[in-house]
Amino acid sequence: DTAVSQTPKYLVTQMGNDKSIKCEQNLGHDTMYWYKQDSKKFLKIMFSYNNKELIINETVPNRFSPKSPDKAHLNLHINSLELGDSAVYFCASSQSVSNQPQHFGDGTRLSIL
Amino acid sequence: AQSVAQPEDQVNVAEGNPLTVKCTYSVSGNPYLFWYVQYPNRGLQFLLKYITGDNLVKGSYGFEAEFNKSQTSFHLKKPSALVSDSALYFCAVRDPYNFNKFYFGSGTKLNVKP
């Protein structure tokens, strides 16, 4: 059973379009995250939700809007896509205790034409 | 602010030789340290962690890491490298004052040659 699953795996779209990425975890974790990995493989935290509440909101353009309908789901909607949005977006989850690691999905590769 | 540094972009080793991937940390408070591995087109996978206790931590796939408080390091090691260990490795630290926040290093690409 996949622990953290994201859809779609690949997303190719035109500049200016709006798109969404979905994430679901079946681990019973209370915290979920969105990360952006650029072409140099740097991982940058974007958002984090704990029990559906937004707790981390790094410097991200407001074209990016996360939504957590319940603690097992965290979706990411992106408006007016730009060339610089091309990257791999990873969803992750964890339990908010010190000794628990994060679990990552396999990523969504977003390519803007 | 908390941070980790991985000073090497790339490490090359021959199969069968020992490998070390370096990580240093800067944390105010107790460090909660993690290593992850990323294979091509996959997400990060947890390898091992240091929370407290023994300085030598054993993890998945024969990897281990040594926590050194005086040198603020948490280097990843393996006694005998396999070609299949070739991947991207990330060190991470959890914020001891905000368990929801993790800080990742820039990653080290490990190349194991046959």
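Everything below is about the structure shown above.
Given the structure is predicted, the values throughout are model-derived calculations rather than measurements.

Some remarks on the state of the cysteines
The tally for this structure, following the rule as stated, stands at 2 disulfides over all chains. Here Cys-23 of chain A connects covalently by a disulfide to Cys-91 of chain A, the sulfurs 1.9 Å from one another. Its torsion about the S-S bond being -80°, the disulfide of Cys-23 of chain A and Cys-91 of chain A is classed as left-handed. Pair noted here: Cys-23 of chain A is in strand β3 (residues 19-25) and Cys-91 of chain A is in strand β9 (residues 87-94), with a separation of 68 residues, a long-range link. Its relative accessible area of 2% is what places Cys-23 of chain A among the buried residues. One disulfide in the model links Cys-23 of chain B with Cys-91 of chain B; its S-S distance is 2.0 Å. Here Cys-23 of chain B and Cys-91 of chain B share a disulfide; its torsion about the S-S bond, -60°, makes the bridge left-handed. Taken together, the residues span a long stretch of sequence, with Cys-23 of chain B in the loop between β3 (19-21) and β4 (24-26) and Cys-91 of chain B in strand β10 (residues 87-94) at a distance of 68 residues.

A look at the interface of chain A and chain B
Listed as interface residues are 27 residues of chain A and, on the opposing side, 20 residues of chain B. Carbon and sulfur atoms supply 55% of the area that chain A and chain B bury against each other, a total of about 1900 Å² over both sides. Among the salt bridges present, the one from Asp-106 of chain A reaches Arg-42 of chain B, with a minimum N-O distance of 3.0 Å. Our count for the contact surface shared by chain A and chain B stands at 11 residue pairs in polar contact (both at pLDDT 80 or more). Among the secondary structure elements, those contributing two or more residues to the side of chain A that touches chain B are β4 (31-37), β5 (43-50), β6 (53-57) and β9 of chain A. A per-element tally of the side of chain A that touches chain B places β4 of chain A first, with 4 residues. A breakdown of the residues in the side of chain A that touches chain B according to their chemical character gives 10 nonpolar, 12 polar and 5 charged.

Procedures and definitions
- Every chain's residues receive numbers from 1 upward, in the order its sequence appears when written.
- The naming scheme follows written order: chains are lettered A onward, ligands numbered 1 onward.
- Restriction of local features to residues with pLDDT of at least 70 applies here, the model being predicted, together with a cutoff of 80 or more for giving and counting side-chain atom pairs; totals for whole chains, interfaces and linings are based on all residues.
- Side-chain numbers here rest on the full set of heavy atoms in the structure, without hydrogens or water.
- Cysteine sulfur atoms that pair up within 2.5 Å are treated as a disulfide.
- Labels follow the DSSP assignment, with helices taken as runs of H or I lasting at least four residues and strands as runs of E lasting at least two, numbered in each case from the N terminus.
- Between buried and exposed lies partly exposed: a residue is buried under 20% and exposed over 50% of the maximum accessible area for its type, with that area taken using a 1.4 Å probe on protein chains only.
- Residue contacts are counted whenever heavy atoms from the two residues lie within 4.5 Å of one another.
- In this description, buried area is defined as the sum, over both parts, of the accessible area (probe of 1.4 Å) that is lost when the two are combined.
- Salt bridges are defined by distance alone: a side-chain nitrogen of Lys or Arg within 4 Å of a carboxyl oxygen of Asp or Glu.
- N or O atoms closer than or at 3.5 Å make up a polar contact, with two conditions inside protein: a donor-capable atom paired with an acceptor-capable one, and, for residues adjacent in sequence, both atoms drawn from side chains.
- Residues were grouped as follows: Ala, Val, Leu, Ile, Met, Phe, Trp, Tyr, Cys and Pro as nonpolar; Asp, Glu, Lys and Arg as charged; and all remaining residues, including Gly, as polar.

These figures come from the coordinates and say nothing about function on their own.
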